[in-house]
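Residues per chain, in single letters:
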Amino acid sequence: MGEFVTVSVDEDGVATIRLDRAPVNALNRQVWAELGEAAVRCGSDDDVRAVVIWGGPKVFAAGADIKEMAETSFTEMYAHGAGLQESLRELERLPQVVIAAITGYALGGGCEIALAADFRFAADDAKLGQPEILLGIIPGAGGTQRLARLVGIQKAKHLVYSGDSVTAGEAAEMGLVDTVTTADDVYEEAMAAARRYARGPYALRMAKRALDEGAELDLDAALRLESTLFAASFATEDARTGMRSFIEEGPGRARFSQR
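Heads up: these notes are all about the structure in this document.

The rules behind the values
- Residues numbered from 1 in each chain as written.
- Predicted model: local features only at pLDDT ≥ 70, side-chain atom pairs only at ≥ 80, totals over all residues.
- Heavy atoms only, no water.
- Axes fitted to C-alpha atoms, helices over the stretch in contact; angles between N-to-C directions.
- Helix = DSSP H or I, 4+ residues; strand = E, 2+ residues; numbered from the N terminus.
- Parallel < 35°, antiparallel > 145°, perpendicular 65-115°, else oblique.
- Contact = heavy atoms within 4.5 Å.
- Nonpolar A, V, L, I, M, F, W, Y, C, P; charged D, E, K, R; others polar.
- Pairing = 2+ DSSP bridges.
- Buried < 20%, exposed > 50% of the residue type's maximum accessible area, 1.4 Å probe, protein only.
- Arc of directions from axis to C-beta.

### A short note on the packing of helix H9 (residues 203-214) against helix H10 (residues 219-233)
Remark: H9 packs on H10, axes separated minimally by 9 Å, with the N-to-C direction vectors making an angle of 175°. Compared by their axis directions, H9 and H10 come out roughly antiparallel. Contact with H9, carried on its side by Ala203, Met206, Arg209, Ala210, Glu213 and Gly214, involves Ala222, Leu225, Leu229, Ala232 and Ser233 of H10 and no other residues of that element. For the contact of H9 with H10, the per-class residue count stands at seven nonpolar, two polar and two charged.

### Re the sheet that holds strand E7 (residues 127-129)
Read across the open sheet, the three strands follow the order E5-E7-E8; overall the sheet is mixed. The open sheet has two edge strands, strand E5 (105-107) and strand E8 (165-167), and neither has a second partner. Averaged over neighbouring strand pairs, the angle between their axes works out to 20° when direction is ignored. Of the strand pairs in this sheet, E7 and E8 are connected by three bridges, and their pairing is antiparallel. Counterpart to Gly129 in the pairing with E8 is Ser165.

### Focus on the sheet that holds strand E1 (residues 5-9)
One open sheet holds the six strands; their spatial order is E1-E2-E3-E4-E6-E9, and the pairing between them is mixed. For this open sheet the edge positions go to E1 and strand E9 (179-181), each flanked by a neighbour on one side alone. Neighbour-to-neighbour, the strand axes of the sheet open up by a mean angle of 20°, direction not taken into account.

### Side note on unusual backbone geometry
In this model, Ala22 is joined to Pro23 through a cis peptide bond whose omega is 5°. Positionally, Pro23 belongs in the loop between strand E2 (14-19) and helix H1 (29-43). Of note in the backbone geometry, Asn25 takes a positive phi value of approximately 55° without being a glycine. Here Asn25 shows up in the loop between E2 and H1. Backbone geometry places Gln258, a non-glycine residue, at a positive phi of 60°.

### A word on helix H6 (residues 153-162)
Those residues of H6 that sit buried are Ala156, Leu159 and Val160. For H6, the arc enclosing every buried residue in end-on projection is 90°, short of the 170-degree limit, so these residues lie on one face. Pointing more than 90 degrees away from the buried face of H6 are the exposed residues Gln154 and Tyr161. If you follow the buried residues of H6, they end up packed against helix H5 (146-151), E8 and helix H7 (168-174).

Following this line, the structure appears as structure tokens:
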């Protein structure tokens with residue numbers, strides 16, 4: 001357990017990675033390091049079948065710890081910046097489905113954390129954005145890259161160039177957010193969705209890999225990856241379970257072991 005980032009796993013195999021640095025979950029070096037460690041822990045735990053990342057009922061993460069950042073030299077940030085990206089790569093690379101449950105603000109590094117998830121569930125009063133340009137810098141933990149891949153280059157340019165934040169509704173319209181609900185319900189909605197994925201087959205991990213890695217390849221290479229993973233899925237116990245259940249009971253009734 002970290003001081004500012006904790007992991008808990010419920011009986012359904014859903015892990016909650018909880019950001020907990022009052023009052024606004026400002027992201028200092030320790031938080032980034034603990035986040036990466038939490039992701040590694042979830043990825044190596046066979047009991048974890050899905051992950052929700054949450055900042056609590058009031059705020060997801062309002063951005064970097066500006067006081068710490070203002071005192072950081074070029075050489076320190078050059079070394080530290082790689083660590084920021086690696087923490088989020090650990091989160092992004094998790095084989096399990098990851099959902100960000102966003103309340104309050106997800107700005108700067110907070111938005112970048114949410115971008116590393118598979119899905120983003122946001123409270124209807126949440127705000128998202130990449131305001132780094134207003135500090136005279138640019139996003140450094142994937143904000144210029146994951147954002148553009150998710151919403152398109154033009155919308156990403158507007159958010160990064162202007163530093164403007166958008167409402168949850170606006171974020172949903174541009175594809176930055178997947179689901180909008182009330183602040184009181186956003187965590188439970190994310191958990192309910194995560195539990196559904198937690199009941200899914202081992203092939204979910206293969207599907208995630210095919211989609212995420214395939215997006216970075218040319219089409220021929222991506223199709224080869226898909227073909228390999230498709231064939232590999234037939235080696236799982238879940239494939240036998242799913243097909244037998246379909247034949248005997250019809251679709252959607254299989255109970256998977258994730259093996």
